[in-house]
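# Tertiary structure, described
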Amino acid sequence: MKTNIKNYNLDILKEELKRIGEKPFRAEQIFKWIYQEKVDSFDKMTNLSLELRKKLDENFTLGIFKIVKKLESIDGTKKYLFDVQDENGNMIESVLMQYHHGYTICVSSQIGCKMGCKFCASTGIPFERNLLAGEIVEQILAIERDTGITISNIVFMGIGEPLDNFDNVMNAIQIINNPKGLNIGARHISISTSGIVPKIYELADREEKIQCTLSISLHSSNNKKRSEMMPVNNAYPIEELIKACRYFIKKTNKRISFEYALAKDNNDNLEDAKELVKLLDGMLAHVNLIPINPIEKGKYTKSTNENIIKFRDYLNEHGIVATIRRELGSDIDAACGQLRRKNLKNK
Ligand code: SAH
């Protein structure tokens, strides 16, 4: 079977080319065609000899996705359902969002998710497999080809737990970050995790080379409540998570962003805000408050605007920088996993 050439970072592609009897410097030309010209066939790599183009085609694929569905929100957010063209007909989602500072794509890292967070649309649907690096970068390229725009930010906040697919995600980040690849600065790449503690340490130790931003899906500062919302908390409780975060900050000197989805009468009262202030005391942190996006048959509902503002103000008044995330694309099921879930149910 042919391999997706987008699974290779530049160094590995050089090795692969040597293996098929080609000069390694061709890797840079090929990278340019894939990630800067964004071509969808080897045939379009016109500064390579016909013979080499044929050889590439015989050995590799470009792993081009098919757009199954595209929904556009009134706020400009676009949500894509892609057929990854594997033998099982798997589908994943990616979302394009427009902010004043540019375009952001929210990418998926796995087909399904094992974490089982109670409020998430991916819960209850079987986990299929990890995405390969090439399938992570193709999400970006497919959207760039479709829209003609250039992306400036990537967030790993789509379907899946990126730290549960560590090697492929790291490999994809190298390609995204490489000046000869997608050339997106590491500071413009965020990884979001439900809190897989050993992998946070591993990321911190690699950060000297990588430098991307870390987001932690916290959602509660109280072990009992957090375990109810997120089973991962049973394996890695809050104290251990925060210890790993402090290590990450010390090692990288970078601020961590804590995601906190507010659910009515669950984690949104002043007691919760107080606990959060205590937990993050003195930390280089930022809190991102998200009105929870209710899922079908889920037990959580959205906090009132009044509570959300009160919660934010309490944090800000107590020395913690907190902002409320603008809700984008709520009219098109833009929350993680909702489109894939719907599509699977219709089958
Ligand atoms: N597994 C990773 C990344 C994917 S989820 C993680 O847990 O961080 C991306 C973000 O969306 C996480 O912060 C997650 O907690 C949040 N999220 C998932 N479902 C949500 C919902 N229904 N409403 C609001 N936020 C949600």
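Since the model is a prediction, treat every value here as computed from it, not as a measurement. (Residues numbered from 1 in each chain as written. Predicted model: local features only at pLDDT ≥ 70, side-chain atom pairs only at ≥ 80, totals over all residues. Heavy atoms only, no water.)

Turning next to the pattern of salt bridges. It is possible for side chains of opposite charge to pair when their charged atoms get near one another. By the definition in use, this model includes 24 salt bridges. Taking the shortest distance from any N to any O, the salt bridge between D164 and K114 comes out at 3.2 Å. Of this pair, D164 sits in the loop between β9 (153–156) and α5 (166–177) while K114 sits in the loop between β7 (110–111) and β8 (129–130), and the two are 50 residues apart along the sequence. With a shortest N-O distance of 3.1 Å, D205 and K251 are connected by a salt bridge. Placement of D205 in helix α6 (residues 197–210) and of K251 in helix α9 (residues 238–252) is noted, with a sequence separation of 46 residues between them. Exposure remark for D205: the relative accessible area of 39% places this residue in the partly exposed category. The class of K251 is partly exposed, set by a relative accessible area of 36%. (Salt bridge = Lys/Arg side-chain N within 4 Å of Asp/Glu carboxyl O. Helix = DSSP H or I, 4+ residues; strand = E, 2+ residues; numbered from the N terminus. Buried < 20%, exposed > 50% of the residue type's maximum accessible area, 1.4 Å probe, protein only.)

When cut into domains, the chain gives domain 1 (3–61) and domain 2 (66–346). In this complex, domain 1 contributes 14 residues to the contact, which on the side of domain 2 involves 17 residues. A combined buried area of about 1,300 Å² lies between domain 1 and domain 2, and 55% of that area is made up of carbon and sulfur atoms. Taken together, domain 1 and domain 2 are joined by two salt bridges. Notably, a salt bridge pairs E144 with K38, separated by 2.7 Å at the nearest N-O pair. Between the two partners, domain 1 and domain 2, sit nine residue pairs in polar contact (both at pLDDT 80 or more). Broken down by element, the side of domain 1 that touches domain 2 gets its largest block of residues, six residues, from helix α2 (residues 26–36). (Domains from an automatic or database assignment. Contact = heavy atoms within 4.5 Å. Buried area = accessible area lost by both parts, 1.4 Å probe. Polar contact = N/O pair within 3.5 Å; in protein donor to acceptor, adjacent residues only side chain to side chain.)

Once that is clear, we can look at the site of the ligand. The full set close to the ligand counts 16 residues, and F119, S192, S217, H219 and N293 are the nearest of them. Between an oxygen atom of the ligand and a side-chain N or O atom of S192, the distance comes to 2.6 Å. T193 places a main-chain nitrogen or oxygen 3.4 Å from an oxygen atom of the ligand. Protein coverage of the free-state accessible area of the ligand, which is 530 Å², stands at 93%. The class makeup of the residues in the shell around the ligand is six nonpolar, eight polar and two charged. (Near = heavy atom within 4 Å. Areas by Shrake-Rupley, 256 points an atom, 1.4 Å probe, with all protein chains shown as cover. Nonpolar A, V, L, I, M, F, W, Y, C, P; charged D, E, K, R; others polar.)

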